[in-house]
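Structure at a glance
So the chains spell out like this:
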Amino acid sequence: RPAVLGDVALPALTLGQVFGRVGCLLVGDDHGAPWDGPWAVTFSGVPDSLIPPELVGVPLHPSQIYLSLMNLGIFGAMAWAYPRRRWDGQIMTTTMMLYALGRFSIEATRGDFEARGMFSGFSTAQWWSLATFALAWVLARRFKAAARPPAAKPG
């Protein structure tokens, strides 16, 4: 059953993203907007870095770390919730909704909109976040309506 697989797979994917976003930080990918806050990061002009030359040495939001911490929080919450789930698909759809909400919010700190695109005031990732949330909402209603008990009870 897809919901059973999703309950296990989606939280695992968020854990993978924790490490993936650290990789983004290391190469300057998915960089944040200029910001002179207390935990701003700066990039040096390392060859083959993905940081644009005009942003070398400029303090930026560490959006990669925000995304990494968000994913770690989602993974932890879903690991706690997994043995407490009431229906198959609950963890999957909750993971999708939490990710969509977090990603939509963190996008406000990003600084690479020209490269990724904007439409009607939202980034492409924000539009995907809205679509993901809507899909998760529909799936959650369907899975809950099926009202099967979870595939495996905690022992």
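See above for the structure.
A brief structural summary.

Rules used throughout
- Residues numbered from 1 in each chain as written.
- Predicted model: local features only at pLDDT ≥ 70, side-chain atom pairs only at ≥ 80, totals over all residues.
- Heavy atoms only, no water.
- Axes fitted to C-alpha atoms, helices over the stretch in contact; angles between N-to-C directions.
- Helix = DSSP H or I, 4+ residues; strand = E, 2+ residues; numbered from the N terminus.
- Parallel < 35°, antiparallel > 145°, perpendicular 65-115°, else oblique.
- Left-handed = near helix turned anticlockwise from the far one by under 90°.
- Contact = heavy atoms within 4.5 Å.
- Patch = residues over 30% accessible without salt bridge, like charges linked within 9 Å, V, L, I, M, F, W, Y side chains within 5 Å.
- Areas by Shrake-Rupley, 256 points an atom, 1.4 Å probe, with all protein chains shown as cover.
- Salt bridge = Lys/Arg side-chain N within 4 Å of Asp/Glu carboxyl O.
- Expected span 1.5 Å × (residues − 1).
- Buried < 20%, exposed > 50% of the residue type's maximum accessible area, 1.4 Å probe, protein only.

Between helix 2 (residues 63–81) and helix 3 (residues 90–106), the shortest axis-to-axis distance is 10 Å and the interhelical angle comes to 160°. Our classification of the angle between helix 2 and helix 3 gives roughly antiparallel. Considering the relative orientation of helix 2 and helix 3, their crossing is right-handed. Between helix 2 and helix 3, the contacting residues are Ser63, Tyr66, Leu67, Met70, Asn71, Ile74, Met78 and Ala81 on the first element and Ile91, Thr94, Thr95, Leu98, Tyr99, Gly102, Arg103 and Ile106 on the second.

A cluster of nonpolar side chains, contributed by Val22, Leu26, Val27 and Leu50, occupies part of the molecular surface with about 360 Å² of accessible area. Here Leu26 shows up in helix 1 (residues 2–27).

Once that is clear, we can look at helix 3. A rise of 1.5 Å per residue sets the reference length of helix 3, with its 17 residues, at 24 Å; its end C-alpha atoms lie 24 Å apart and thus fit the reference within 8%. Residues Ile91, Met92, Thr93, Thr95, Met96, Met97, Ala100, Gly102, Arg103 and Ile106 constitute the buried set of helix 3.

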